[in-house]
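# Coordinate analysis (summary)
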Amino acid sequence: MKTYPPPTLSGLLTSGASLSELDSRARDIFRHVVEAYLETGEPVGSRTLSKGGVHLSPASIRNTMQDLSALGLLSAPHTSSGRMPTHQGLRLFVDGLLEVGDISDDDKREIEARLTAGGRTFDAALREASNLLSGLAGGAGLVTTPSLEAGVKHVEFVALSTEQTLAVLVFDDGRVENRLMPVQAGMTPSVLSEASNYLNTRLKGRSLSEARLQLKTELDQERLRLNETAATLIEAGLAAWSGGADEKRALIVRGQANLLQASALEDLERVRSLFEDLEQKEELIDLLDDVRQAQGVRIFIGSESKLFSLSGSAVIAAPYMVSPRAGGPKVMGAIGVIGPARLNYARIIPLVDYTAKLLGRMLD
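The structure contained in this document is the topic of the report that follows.

### Brief notes about the overall build of the protein
- A count of helices and strands for the protein gives 13 helices and 10 strands.
- Counting over 364 residues, the protein shows a buried share of 47%.
- In the protein, 65% of the contacts between residues at least 6 apart in sequence involve partners at least 24 apart.
- Of the roughly 17,700 Å² of accessible surface on the protein, a fraction of 49% belongs to carbon and sulfur atoms.

### Let's talk about the environment of L238
- By secondary structure assignment, the location of L238 is in helix 9 (residues 228-240).
- Judged by its relative accessible area of 3%, L238 is buried.
- Note: C-alpha distance between L238 and K216 (22 residues apart in sequence) is 8.4 Å.
- In this structure L238 touches L199, R212 and L215, once residues within four positions along its chain are discounted.

### Some thoughts on a negative patch on the surface
- Residues E282, E283, D286 and D290 make up a contiguous surface patch of negative charge.
- Within the secondary structure layout, D286 lies in helix 12 (residues 281-291).
- Residue D286 is classed as partly exposed on the basis of its relative accessible area of 47%.

### Some points on the packing of helix 5 (residues 105-115) against helix 13 (residues 345-363)
- Running from amino to carboxyl end, helix 5 crosses helix 13 at an angle of 35°, the nearest separation of the two axes being 11 Å. Helix-helix and strand crossings are classified by hand; for helix 5 and helix 13 the assignment is right-handed. When helix 5 is examined against helix 13, the residues D107, K108, I111, E112 and L115 are found in contact with a partner set consisting of R347, L351, Y354, T355, L358, L359 and M362.
- Of the residues belonging to the contact of helix 5 with helix 13, the class tally is 7 nonpolar, 1 polar and 4 charged.

### Some details on the environment of A230
- Note on placement: A230 falls in helix 9.
- Given the relative accessible area of 0%, A230 is considered buried.
- Linking A230 and Y198, residues 32 residues apart in sequence, is a C-alpha distance of 9.2 Å.
- Once residues lying within four places of it in the same chain are set aside, the contact partners of A230 are V191, E194 and A195.

Rules used throughout
- Residues numbered from 1 in each chain as written.
- Predicted model: local features only at pLDDT ≥ 70, side-chain atom pairs only at ≥ 80, totals over all residues.
- Heavy atoms only, no water.
- Helix = DSSP H or I, 4+ residues; strand = E, 2+ residues; numbered from the N terminus.
- Buried < 20%, exposed > 50% of the residue type's maximum accessible area, 1.4 Å probe, protein only.
- Contact = heavy atoms within 4.5 Å.
- Areas by Shrake-Rupley, 256 points an atom, 1.4 Å probe, with all protein chains shown as cover.
- Patch = residues over 30% accessible without salt bridge, like charges linked within 9 Å, V, L, I, M, F, W, Y side chains within 5 Å.
- Salt bridge = Lys/Arg side-chain N within 4 Å of Asp/Glu carboxyl O.
- Lys, Arg positive; Asp, Glu negative; His and termini not counted.
- Charge placed at Lys NZ, Arg CZ, Asp CG, Glu CD.
- Axes fitted to C-alpha atoms, helices over the stretch in contact; angles between N-to-C directions.
- Left-handed = near helix turned anticlockwise from the far one by under 90°.
- Nonpolar A, V, L, I, M, F, W, Y, C, P; charged D, E, K, R; others polar.

Read these as spatial facts, not as claims about activity.
Structure, rendered in structure tokens:
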């Protein structure tokens, strides 16, 4: 069984409770309560624990559960019901008691087959990654597209017909952008070559955001030296390619319907709040950008992120990155799963971790 380092903390326990404060009895009962809740989604009673592996009387178990509630780790949704973990309790469990095994061989094969299907582009692989995680994990899959900070490796304009030209931009990180552009009057193979050479000389090794404004200024000054049709094509190419400072990175969300299936009837109001959270795409991108600072899986539970303070949701996410070069690995984006706080953390953590690593290898 492969073990994973503890997921990166996204917040501190405000209750101050820690595993060191719990004796072996309290720790065992706490673990059983959380594991039963994650499996069923229902509050857990003392009699259930007494019959299910905790060798104590229901009265003794109730006393310990009251102590755990006083620490802010358990709560009782109804006076006559059992106990369920609070978000602080889930955080303590995830950081200190959760046992995470390796991803199964079947899951590995399915992820690899779906992401690397013949002819699939990286953009298509990102969409498929969000899809498959939502299916395997039972939540909604989230993926941010790569940041556009990589240097340009090659630029080329290719004539497709008498009416269209294909503009191709290849980045150092392996990403390729293609744009169809209308053919201007006077377009010839030599004009396409002149425009390609001009941009290759000035863009190579630089990011688009670094080069765009300067290139526009240079282009205005050098129009007399360039073929007018080539200058117009260069200008149109710069406008068509993404990477400007005013552009937003994309967020891919798949599998929202799983959130309805994973929630009990009384949780529908929380699901409605979560659907509203998923509409806040800029905030979700900001949240996943926080994951980019981590070297592994990161978890946000409930109010640890202000975005989920009402819905009480959880996010399990990891960055995907290209291989180490000078200065270390370069993080390109993040991938994750969002759902109710009772997500199956033990299963989802290795799924997200493996998918992120595979996406990084595909970029290499």
